[in-house]
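The residues making up each chain are set out below.
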Amino acid sequence: MLIELKGVHKTYNNGQPLHVLKGIDLNIEKGEFVSIMGASGSGKSTLLNILGILDNYDEGTYHLAGTLIKDLSERQAADYRNRMIGFVFQSFNLISFKTAVENVELPLYYQGVSRKERHAKAMEYLEKLGLTDWSHHFPNEMSGGQKQRVAIARALITQPQIILADEPTGALDSKTSVEVMQLLKRLNQEDGITIIVVTHESGVANETDKIIHIKDGIIGEIEENTRHTAWDGPMMK
Amino acid sequence: MRELFHEIASTLRNNKLRTALTGFAVSWGIFLLICLLGAGNGLMNSFMGNMEDYISQSITVEGWRTSKPYAGYQEGRIIQLDQQDIRYTKGTQWEGIIENVSSSTTSQSATLSLNGKTVNGWLMGVMPDYMEQQKLKLAAGRFINPADIRENGKVIVISAAQAKELLPGEPAGIIGKWINLGAIPFRVVGVYHTDERDYRRTTPVPYSTYKVIYDSSDKIESITFNVNGPQTLEQHQAFEKAYGSGIKRLHSIAPDDNRGIWINNGYTDNMQMNKASRLIRRALWILGILTLISGIVGVSNIMLITVKERTHEFGIRKAIGARPGEILKLIIAESITITAIFGYIGMFIGMVACQIMDKTVGQRAVDLGVEKIQMLVNPTVGLDIALEATLLLIIAGTLAGAIPAWKAARVKPIEALRAE
Ligand SMILES: Nc1ncnc2c1ncn2[C@@H]1O[C@H](COP(=O)(O)OP(=O)(O)OP(=O)(O)O)[C@@H](O)[C@H]1O
Ligand SMILES: [Mg+2]
């Protein structure tokens, strides 16, 4: 079991306490391709941030690859994020004053990989995502789809076990969204990377093998979707 | 370390405006500080230089016009010092306190001539001590010595300005020449240094020679001596009072007359000058520290804003695996790099400005009528002080940057990512 959540609670305490996650139990196996769906404000991002060790939780347990993730020091958390997890965000979160290749290199910088080596590796990943020609462009010179592919290259470069994507297609048009989902699917199938995608678009969720519904802070229905029949419309609305 | 440097270099290169603004604040602070210190040094040097040239550590007593009638005498009488004043000064009463008593004769104007060229002089018979007491500096030759006094030598010391008038060229050229004072030839044994702001034209001859040729009376112009004992201003004033009362008695001057004799105390003049220079120095320090503080505030302000502005970026870095220490290192190394490079630039420009100041204002003398005063003398800052000031700003800038950096490093990644 790669990810194992038991009774995870999370309350935001900014002024009015807001109990967002009310006992999440969730298991995700290595190599799965799942999506998390739910209404706006249902706690999808909150859950994903906890999975990514970007945020902490109040109660329960979270095991990542057998290790209990609780009360880690920032330093330990950073190392786990760096080696185990790749993030893909809705707003790309590329560093604006760095070129595509510099952005992709950055996780390796924090691993202490030499400049030459990480540059070569970053170029390799950009090539894999068809971005060789864009490697020396800055984010504001690229389209949304290109930026998201750069972000995915950055997530992949440390060869993580998991990719966490929070609405990766949220800022993209339907055509690019399809491309990005195809890309994620390919990474899952060819490289066996576990991928968890948060979305509120059924078309996007339908591309994944399993759809987890979250409602009122707990896990609701879990749809097996290996034949991708959860949605019969076009992928995008 | 090299990797960190590359990371910083790329960040600075790609954020030119921010780099330039921070850099400007640092450079400007250092530049102002160096200029201020330079000008201050120049002022101090000018002040000390102009004074130290003239004030000697000795006391000179001269006769003066009385301001009170006494013992049957009218007020307004001119007091003439004479040999009995010297005997009083050398008396057992002052043994161990007054030392090196010397005196100079009355004086008179004279025309010096050499090979048809003439120049004005002010003739005065003096003792060998006169040179030190009047702070004369020799440009060539020697001063009047005890042998001259013993032998009533017909020797004379003239100023460099007079030497130049009589015989163009180096002052040394006139040494050994015989010049005429009226009809009497004197041999030039020394030339004392004068510059353009110096109008001294006293031409000392041996005390005994003067007495023989020009004034056989026992009148003297002044008595000069060193004192041993009085230290503070109060002690000096007490000494002057006690010593002066004896002279007043000899000349029947009213004991409470503030005039009649004039005591010029070089010791207390020096004390007052030192006090003034201490005040100037302190004012300079305060100004310097204020400048430095404003520089530090400027730098830390920019660091604060920069760090705040970059919170989101730090969030991204954390999400992809930057440890808190890495963030801290990045910010601090960046601020050191900026302050060091731009601090150095500011220091360099400041030193250049000091040089310019030296070549322009420093060379200009202000004519006060009686004498010319150089406003700034060598208005520069030593490299050591400049480096120290720069280093201080770098350290301060770093410390100032360290607080926001520390905060930024501790922000939870999710919060940093949320920041915009
Ligand atoms: N830092 C925070 N402080 C306080 N409340 C928060 C914070 N982050 C999220 N919330 C609240 O928690 C609830 C869940 O937020 P979350 O972002 O997890 O929802 P979501 O399911 O991702 O919604 P969306 O589909 O709109 O992205 C929302 O009501 C939100 O307002
Ligand atoms: Mg969300």
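See the structure printed just above.
Throughout, residues of each chain are indexed from 1 in the direction in which the sequence is written. Following the order in which they are written, the chains are lettered starting with A and the ligands numbered starting with 1. Totals for whole chains, interfaces and linings use every residue, but because this is a predicted model, local features are given only for residues with pLDDT of at least 70 and side-chain atom pairs only at 80 or more, for both listing and counting. Note: side-chain values were computed over all heavy atoms of the structure, leaving out hydrogens and water.

Novice: How would you explain the packing of helix 5 (residues 144-156) of chain A against helix 6 (residues 174-191) of chain A if you had to name every residue and give the values?
Specialist: All names here are of chain A. Orientation is described by lines fitted to C-alpha atoms, with helices fitted over the stretch in contact, and by angles between N-to-C directions that extend from 0 to 180 degrees. Each helix is a run of H or I in the DSSP string that is no shorter than four residues. Each strand is a run of E no shorter than two, and both are numbered from the N terminus. Running from N to C, helix 5 and helix 6 cross one another at 15°; their axes reach a closest spacing of 10 Å. As the angle between them shows, helix 5 and helix 6 are arranged roughly parallel. In this structure, helix 5 crosses over helix 6, and the sense of that crossing is right-handed. Residue-level contacts link G145, Q148, R149, I152 and L156 of helix 5 to T176, V180, L183, L184 and L187 of helix 6. In this count, Pro and Cys sit with the nonpolar residues alongside Ala, Val, Leu, Ile, Met, Phe, Trp and Tyr, while Asp, Glu, Lys and Arg are called charged and the others, Gly among them, polar. When its residues are assigned to classes, the contact of helix 5 with helix 6 shows six nonpolar, three polar and one charged. Reported orientations rely on four angle classes, namely roughly parallel under 35 degrees, roughly antiparallel over 145, roughly perpendicular from 65 to 115, and oblique for the rest. By definition, any crossing whose near helix is turned counterclockwise from its far helix by less than a right angle is left-handed, and any crossing with a clockwise turn is right-handed. Note on contacts: a residue pair qualifies if any of its non-hydrogen atoms lie within 4.5 Å across the two residues.

Novice: Explain the environment of C35 of chain B residue by residue, including any values.
Specialist: Residue and element names in this part refer to chain B. The residue C35 is located in helix 2 (residues 16-52) in this model. Categorising residues by exposure relies on relative accessible area from a 1.4 Å probe, with only protein chains included: less than 20% of the type maximum marks a residue as buried, more than 50% marks it as exposed, and the intermediate range marks it as partly exposed. Taking the relative accessible area as the measure of exposure, C35 reaches 16% and is therefore buried. Counting along the chain gives 320 residues from C35 to Q355, while the straight-line C-alpha distance between them is 9.9 Å. The residues touching C35, leaving out its near neighbours within four places in the chain, are G350, A353, C354 and M357.

Novice: Can you break down the interface of chain A and chain B residue by residue, with the values?
Specialist: Each partner contributes residues to the interface: chain A has 29 residues there, and chain B has 26 residues. Of the roughly 2,500 Å² buried between chain A and chain B, counting both surfaces, carbon and sulfur atoms make up 54%. A per-residue breakdown of the area chain A buries against chain B is headed by F97, Y109 and Y110 of chain A, which together make up 28% of the total. A pair is scored as a salt bridge if a Lys or Arg side-chain nitrogen falls within 4 Å of a carboxyl oxygen belonging to Asp or Glu. Taken together, chain A and chain B are joined by three salt bridges. Between K412 of chain B and D55 of chain A there is a salt bridge, and its shortest N-O distance comes to 3.2 Å. Residues adjacent in sequence count toward polar contacts only when both atoms are side-chain atoms; beyond that, a polar contact is any pair of N or O atoms within 3.5 Å, and within protein one must be able to donate a hydrogen and the other to accept it. Linking chain A with chain B are eight residue pairs in polar contact (both at pLDDT 80 or more), by the criterion used here. Accessible surface is computed with a 1.4 Å probe, and the buried area is the amount of it that two parts give up when combined, taken over both parts together.

Novice: An account of the side chain of R154 of chain A is needed here, citing residue identities and associated values.
Specialist: Among the secondary structure elements, R154 of chain A is positioned in helix 5. We score Asp and Glu as negative and Lys and Arg as positive, and we do not count His or the chain ends. Of the buried charged residues, R154 of chain A lacks a salt bridge, with E313 of chain B as the closest side chain of opposite charge at 10 Å.

Novice: How would you summarise the sheet that holds strand 3 (residues 98-104) of chain B if you had to cite specific residues and measurements?
Specialist: Residues and elements named next belong to chain B. Following DSSP output, two strands are said to pair if at least two bridges run between them. Spatial strand order, 3-12-1-13: four strands in an open sheet with antiparallel pairing. At either end of the open sheet lies a strand with only one pairing partner, and these are strand 3 and strand 13 (261-265). Going across the sheet, the axis of each strand differs from the next one's by a mean of 20°, ignoring polarity. When strand 3 meets strand 12 (residues 222-227), the two strands line up antiparallel, connected through five bridges. Its bridge partner being in strand 12, S102 is matched across the sheet by T224. Where helix 8 (residues 233-250) meets the sheet, its contacts fall on strand 1 (59-63), strand 3, strand 12 and strand 13, and the angle it forms with strand 13 comes to roughly 150°. Against the sheet, helix 9 (residues 266-309) makes contact with strand 1, strand 12 and strand 13, and its axis sits at roughly 50° relative to strand 13, the strand it touches most.

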